[in-house]
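Listed below are the residues making up each chain.
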Amino acid sequence: MSEQAKQEAEAIAEAGKPAPKAETDGVPAPATLLRNHEGGHAPVSYLELFFDLVYVFAVTQLSHHVLHHMGAAGLAEALVLFLAVWWAWMFTAWAANWTNPERGPVRIMLLLSMLASLGLAVAMPRAFDAGGGGDAMLFAACYCLVQIGRSGFVAWAMAKSRQEHWRGSGARNMIRITLWFVASAPLWLAGALVDAPLVRLGLWALALTVDYGGPFMGFAVPGMGRSQPEDWDISGSHLAERCALFIIIALGEGVVVTGTSFAQETADLARSLAFVLAFAGSALMWWIYFDLGAERGARHIAQHAQPGRVARSVYTYLHMPIVGGIVITAVADALLLDAPLAAAKLPLVATQAGGLLVFLAGTGLFKRPSSPHGNFPLSHWVGGGLLIVLAALTLAFPLPAPVFVGATVLALLVVAVWEWASYHHHGSALAEDQG
């Protein structure tokens, strides 16, 4: 064998050997349940994408609830359901940011959280039916299991870490979070046991006040203090990608609702036009979020000195109106396809114009922190103004449903083209800010 051939054979054999384990002071580093990304990039795993499938179903259940409960009480119920679904998903996204989905215990935790989330989604349509127990208890119990079980697991995983930061302040932070979810659990369970839906609504709203108030209070616990910004050491790029994927989930749910409604009836000209308008609205919402906002937001959080602070405000909270607006607009799509030749009445006007207003407000607030001068995009102000005028005119002088929806889609087109032209054509920071 020639010398070159020997060298090639040795290189192949060396490549086939497992990589040596990292050592610290001569001691092999133990396997960890944490990513230990140190604020750098943490890729989204296939298991996280699989986990999200449950929330596609949950968002569909939400839109159906709104569609069949258009009164004030029904909308309040839908809001409570939405806030619970979002909080369960968001805290799991944070957990997956810290833990390593390639490790067996973490995979089991995420799969069990997925199962409990599925139970939560299944129970949503009848969660506010009169009488205690049943689906209401299933919803409350699954929500509490997801929040307490997952947070407790992450606290345990951090306590096992050899890194002093995670074993100390990180684990204490997760224990505080777990205790806050434990504190709200009696309210969730008590609400499930009462007979009156309005009382249940009040108790669950109070439970959500506790859950959502935790971050604002630093998850303060007597004897354990409060969480500090340095406790939220996250991969900003990972959380930005996870939230962008949830936007895709919400938009995809709208496409599913539109396609299902269209497939159930004869595809005449009026319904075909309604179908095209519904799809165009979804496509423009995708464009408005992803063309500029998603990339700029991801860059902003990845470069920020305190990514945890940005993640809490910009992604944890400001993405709620974005997703909520998309869900509401999906209801409008179903109403349009159900009666494509009718006049635009209050339910269609409220869900179409209202949903798009909420979406534009949330998107503009999301884009504002990453703008060089912190401006709310002027294009979003203009689009919102157009939607308000269209809604008022339609309520005063009823327009055919396709005409009204088509006009709102044109308002979205104005926003998308304005922003695209201001950034991509002029290509300056000033123009980007004015978009």
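Thresholds applied
- For every chain, the first residue of its written sequence is number 1, and the numbers climb from 1 along that sequence.
- Two thresholds apply to this predicted model, a pLDDT of at least 70 for residue-level local features and 80 or more for giving and counting side-chain atom pairs, whereas whole-chain, interface and lining totals are computed over all residues.
- The side-chain figures draw on all heavy atoms in the structure; neither hydrogens nor water molecules are used.
- Secondary structure elements follow DSSP: runs of H or I no shorter than four residues count as helices, runs of E no shorter than two count as strands, and numbering proceeds from the N terminus.
- Buried residues are those whose accessible area, probed at 1.4 Å on protein chains only, stays under 20% of the maximum for their type, while exposed residues exceed 50% and partly exposed ones sit between those limits.
- In what follows, residue pairs with any heavy atoms lying within 4.5 Å of each other are defined as contacts.
- Computed with the Shrake-Rupley method and a 1.4 Å probe, the accessible areas treat only the protein chains shown as cover for residues.
- The salt bridge criterion pairs a side-chain nitrogen of Lys or Arg with a carboxyl oxygen of Asp or Glu, the two atoms within 4 Å.
- Two cysteine sulfur atoms form a disulfide, by the criterion used here, when they sit within 2.5 Å.
- Whenever a helix is involved, its axis is fitted only over the stretch in contact; in every case the axis is a line through C-alpha atoms, and angles between N-to-C directions fall within 0 to 180 degrees.
- Should an angle fall under 35 degrees it is taken as roughly parallel, and over 145 as roughly antiparallel, whereas 65 to 115 is taken as roughly perpendicular and any remaining angle as oblique.
- With the far helix as reference, a near helix turned anticlockwise by less than a right angle produces a left-handed crossing, and one turned clockwise produces a right-handed crossing.
- Here the nonpolar group is Ala, Val, Leu, Ile, Met, Phe, Trp, Tyr, Cys and Pro; Asp, Glu, Lys and Arg are the charged ones; every other residue, Gly included, is treated as polar.
- Only centres within 6.5 Å qualify two rings of Phe, Tyr or Trp (six-membered ring in Trp) as a pair; their planes then separate them into stacked at under 30 degrees, edge-to-face at over 60, and tilted for everything else.
- Think of a nonpolar core as a cluster: buried Ala, Val, Leu, Ile, Met, Phe, Trp, Tyr and Cys residues, connected wherever their side-chain atoms sit within 4.5 Å.
- In this scheme, patches are assembled from residues that exceed 30% relative accessible area and form no salt bridge. Like charges are connected within 9 Å, while nonpolar side chains (Val, Leu, Ile, Met, Phe, Trp, Tyr) are connected within 5 Å.
- For a helix, the expected span equals 1.5 Å multiplied by the number of residues minus one.
- Starting at the helix axis, one direction is taken to each C-beta atom, and the arc is that of these directions.

Caption draft 1: Seen up close, the overall build of the protein. Each helix and strand counted, the protein has 15 helices and two strands in total. Counting all 435 residues of the protein, 50% fall into the buried class. Within the protein, contacts between residues separated by at least 24 positions form 79% of all contacts whose residues are at least 6 apart in sequence. For the protein, the accessible area works out to roughly 19300 Å², and carbon and sulfur atoms hold 68% of it.

Caption draft 2: Up close: unusual backbone geometry. Positive phi, normally seen in glycine, also occurs at Phe-219, with a value near 50 degrees. Within the fold, Phe-219 resides in the loop between α7 (197–216) and α8 (236–263).

Caption draft 3: Examining the pattern of salt bridges more closely. What the rule picks out here adds up to six salt bridges. Two residues, Arg-35 and Glu-48, come together in a salt bridge whose shortest N-O distance is 3.0 Å. Residue Arg-35 is found in the loop between β2 (27–28) and α2 (46–68), and its partner Glu-48 is found in helix α2; the two are separated by 13 residues along the sequence. Of the residues examined, Arg-35 reaches a relative accessible area of 18% and is grouped as buried. With its nearest N and O atoms 3.0 Å apart, the salt bridge here joins Asp-135 to Arg-126. Overall, the relative accessible area of 38% leaves Arg-126 in the partly exposed class. Here the salt bridges do not stand alone but share partners, grouping Arg-35, Glu-48, Asp-52 and Arg-242 into one network.

Caption draft 4: Layout of the state of the cysteines. Evaluation of the coordinates by the stated rule reveals zero disulfides. No disulfide involves Cys-142; its nearest neighbouring cysteine sulfur is the one of Cys-144, lying 9.5 Å away.

Caption draft 5: Spatial organisation of the environment of Ala-78. Along the polypeptide, Ala-78 turns up in helix α3 (residues 72–98). The spatial distance from the C-alpha of Ala-78 to the C-alpha of Ser-63 is 8.4 Å, given a sequence separation of 15 residues. In contact with Ala-78, other than residues within four places in its own chain, are Leu-62, His-65 and Val-66.

Caption draft 6: Quick peek at the packing of α2 against α8. Where α2 meets α8, the closest approach of the two axes is 9 Å, and the angle between their N-to-C directions is 45 degrees. In terms of orientation, α2 lies oblique with respect to α8. Regarding α2 and α8, the two cross each other, and that crossing is right-handed. Two secondary-structure elements touch here, α2 through Glu-48, Leu-49, Asp-52, Tyr-55, Val-56, Val-59, Thr-60, Ser-63 and His-64 and α8 through His-238, Arg-242, Leu-245, Phe-246, Ile-249, Ala-250, Glu-253 and Val-257. Residue composition of the contact of α2 with α8, by class: nine nonpolar, four polar and four charged.

Caption draft 7: Examining the environment of Leu-239 more closely. Among the structural elements, Leu-239 can be located in helix α8. Taking C-alpha positions, Leu-239 is 7.8 Å from Tyr-315, a pair spaced 76 residues apart along the chain.

Caption draft 8: Structural context of the packing of aromatic side chains. The tally for this structure, following the rule as stated, stands at 25 aromatic pairs. When the centroid spacing of 4.5 Å and the interplanar angle of 45 degrees are considered together, the rings of Tyr-143 and Trp-188 count as tilted. Of the two residues, Tyr-143 is situated in helix α5 (residues 135–159) and Trp-188 in helix α6 (residues 164–193); the sequence distance between them amounts to 45 residues. On the numbers, 5.6 Å between centres and 50 degrees between planes, the contact of Phe-153 with Trp-156 is tilted. Separated by three residues within a single helix, Phe-153 and Trp-156 lie in helix α5, roughly one turn from each other. Accessibility expressed as a relative area gives 14% for Phe-153, which makes it buried. According to the relative accessible area criterion, Trp-156 is partly exposed, its value standing at 44%.

Caption draft 9: How the structure looks around the nonpolar core. Core analysis: the largest hydrophobic core is formed by 115 residues, its most contacted members being Phe-139, Tyr-143, Trp-188 and Trp-204. Looking at this core, the element that brings in the most residues is α3, giving 16 residues. Ignoring anything within four residues of it in the chain, the contact list for Phe-139 reads Leu-81, Ala-84, Leu-120, Ala-123, Met-124, Ala-127, Trp-188 and Trp-204.

Caption draft 10: Representation of a nonpolar patch on the surface in the model. Together, Phe-57, Ile-108, Leu-112, Leu-115, Leu-118, Val-122 and Leu-138 give the surface a local cluster of nonpolar side chains, amounting to about 600 Å² of exposed area. For the nonpolar patch, the element with the highest residue contribution is helix α4 (residues 104–123), accounting for five residues. Along the chain, Leu-115 falls in helix α4.

Caption draft 11: Geometry of helix α13 (residues 378–396). Here α13 spans 27 Å end to end across 19 residues, near enough to the 27 Å set by a 1.5 Å rise per residue. Those residues of α13 that sit buried are Ser-379, His-380, Gly-383, Gly-384, Leu-387, Leu-390, Ala-391 and Thr-394. Seen end-on, α13 carries its buried residues on one side only, within an arc spanning 130 degrees. Turned more than 90 degrees off the buried face of α13, the exposed positions are Trp-381 and Ile-388.

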